[in-house]
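Structural features, examined
Spelled out from the first residue to the last, the chains are:
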Amino acid sequence: MTGLPFARRTHGVGPSMPRPEHGGLISFEDGYAYPGGLPDLGDIAATAARAFRPETLQYAPRVGLPELREWIASYLRAEGTQVTGESVLIVNGAKQGIDLACKLFLDPGDAVVVTRPNYHSALNIFRGWDVELVEVGLDDEGLDVAELETRLHARAKGGQRTPKLLYVVPEFHNPTGVTTSRRRREAILHLAERYGILIVEDDPYRRIRFEGAAVPPLQVLDPTRVIGLGTFSKLLAPGLRIGWVAAAPDVVRRMAALKADGGSCPLTQRMILEYCRAGRFEPHVRQMTETYARHRDAMTTALRAEVPEAIFATPSGGYYLWLRLPEVVDSDRLLDDAKRLGVDFLPGSRFYATPGPKNVLRLAYSYASPDDITEGVRRLGEALRASA
Ligand SMILES: Cc1ncc(COP(=O)(O)O)c(C=O)c1O
């Protein structure tokens, strides 16, 4: 169909592509769960559908099932937050949480601070709300606070709007894998307070830590300024589409009222709750963390052998590896060669709100098996040599 009157605010949003499933392709493209690690929820699904039928086949409370809200609150309290059930909203994945934060707080033309590079789906969600994206660089300690301060100061002097929201993925950042240091977290909070900016802390990978000590979430360091987002996607299964927003009860109630879906699915909420109550959640998370550590190791070993010209920091957790290739490489073009050889990835261009470097790309090591990772990286090296 041509000539459709698409809204102006959606012009920067690319179409959502179906997953390429052609035979033999090894995919490093997206943060899919490892298929061999997906939990068997058959018994739990039967219990949820049979024993809880009046609840699970009915409209659920918009804010989510009270017991699941309580379970998530106690899970978050174990991290040091003050969260109660009242401050938890169940959503259809963290992405819906980002969208609801936009819906509740942003007017057209408002500004949002994002990192450069930034999680591409969040960029697309922001674009859909007709806002200005203020990109700020990041280094191996996280968001460059000095740059942010300079930008905020210049905007205030130039009469430009102060951003309303600052979006951060402080733990195992997507796409770079960087974890924000405690010092940097405190500096971000300090600056946000000075300028009256709300922080959206998107933290899906916190528990997927392979080594090193955890840093307190921003929400623990300042409960008043931070809207926390979490998800079962990276811990259990993305297909369940259940995540949460942790915020002040008033924010939670307002977001619930804006939820256009009538509440997240009670059947999946009950399944997750029964799974967690049966004590199966923590062992599963531990097992998946070990699995992903093996995937990470397979990828870094293969990269050193097959793509020695690549520069990367070894991530201590999460799903992704950010690769810097020689200046002459254009990762959008490299992708064509790579696909022909049976491997894919996401080119760096997807992670910048305005054009960025061409020679970077993201590899997800979550989905492919260690053997496939080894072979996929070999193909990537071959593609690189073919395109040179
Ligand atoms: C930073 C970040 N936020 C959110 C999500 C998606 O979360 P959900 O599946 O809960 O919508 C991802 C998944 O890749 C992510 O990397």
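First, a word on scope: everything that follows refers to the structure included in this document.

Procedures and definitions
- Residues numbered from 1 in each chain as written.
- Predicted model: local features only at pLDDT ≥ 70, side-chain atom pairs only at ≥ 80, totals over all residues.
- Heavy atoms only, no water.
- Axes fitted to C-alpha atoms, helices over the stretch in contact; angles between N-to-C directions.
- Helix = DSSP H or I, 4+ residues; strand = E, 2+ residues; numbered from the N terminus.
- Parallel < 35°, antiparallel > 145°, perpendicular 65-115°, else oblique.
- Left-handed = near helix turned anticlockwise from the far one by under 90°.
- Contact = heavy atoms within 4.5 Å.
- Nonpolar A, V, L, I, M, F, W, Y, C, P; charged D, E, K, R; others polar.
- Phe/Tyr/Trp six-rings, centres within 6.5 Å; stacked < 30°, edge-to-face > 60°.
- Buried < 20%, exposed > 50% of the residue type's maximum accessible area, 1.4 Å probe, protein only.
- Lys NZ or Arg CZ within 6 Å of the ring centre and 35° of its normal.
- Pairing = 2+ DSSP bridges.

Once that is clear, we can look at the packing of helix H1 (residues 42-50) against helix H10 (residues 266-277). Between H1 and H10, the shortest axis-to-axis distance is 9 Å and the interhelical angle comes to 125°. Classified by the interaxial angle, the pair formed by H1 and H10 is oblique. Taken as a pair, H1 and H10 cross one another with a handedness that is right-handed. Listed contacts from H10 to Ile 44, Ala 45, Ala 48 and Ala 49 of H1 are Leu 267, Arg 270, Met 271, Glu 274 and Tyr 275. Here the residues of the contact of H1 with H10 are counted per class, giving 7 nonpolar, no polar and 2 charged.

Turning our attention to the packing of aromatic side chains. In the structure shown here, the tally under the stated rule is 15 aromatic pairs. An angle of 85° between the planes, with centres 5.3 Å apart, marks the rings of Trp 71 and Phe 281 as edge-to-face. In this pair, Trp 71 is assigned in helix H3 (residues 66-77) and Phe 281 in helix H11 (residues 281-306), connecting sequence segments 210 residues apart. For the pair Trp 71 and Phe 281, a shared accessibility class is recorded, and that class is buried. Between the aromatic rings of Tyr 75 and Phe 281, the centroid separation amounts to 5.7 Å while the plane-to-plane angle is 80°, which identifies the pairing as edge-to-face. Remark: Phe 281 occurs in helix H11 and Tyr 75 occurs in helix H3; sequence separation between them is 206 residues. Taking the relative accessible area as the measure of exposure, Phe 281 reaches 2% and is therefore buried. Among the aromatic side chains, those forming a connected cluster through ring pairs are Trp 71, Tyr 75, Phe 232, Trp 244 and Phe 281. Across from the ring centre of Phe 52, 3.9 Å away, lies the NZ or CZ of Arg 270, which sits over that ring.

The next point concerns the sheet that holds strand E2 (residues 88-91). Reading across the sheet, the 8 strands line up as E2-E9-E8-E7-E6-E3-E4-E5 and stay open at both edges, with mixed pairing between neighbours. Only two strands of the sheet have a single partner each, and these edge strands are E2 and strand E5 (142-143). One ladder, built from 2 bridges, connects strand E4 (residues 132-139) with E5; its direction is antiparallel. The residue bridging Asp 139 from the neighbouring strand is Gly 142, located in E5. Packed onto the sheet, helix H9 (residues 249-258) meets E2, strand E8 (226-231) and strand E9 (243-246) and runs at close to 25° relative to E2.

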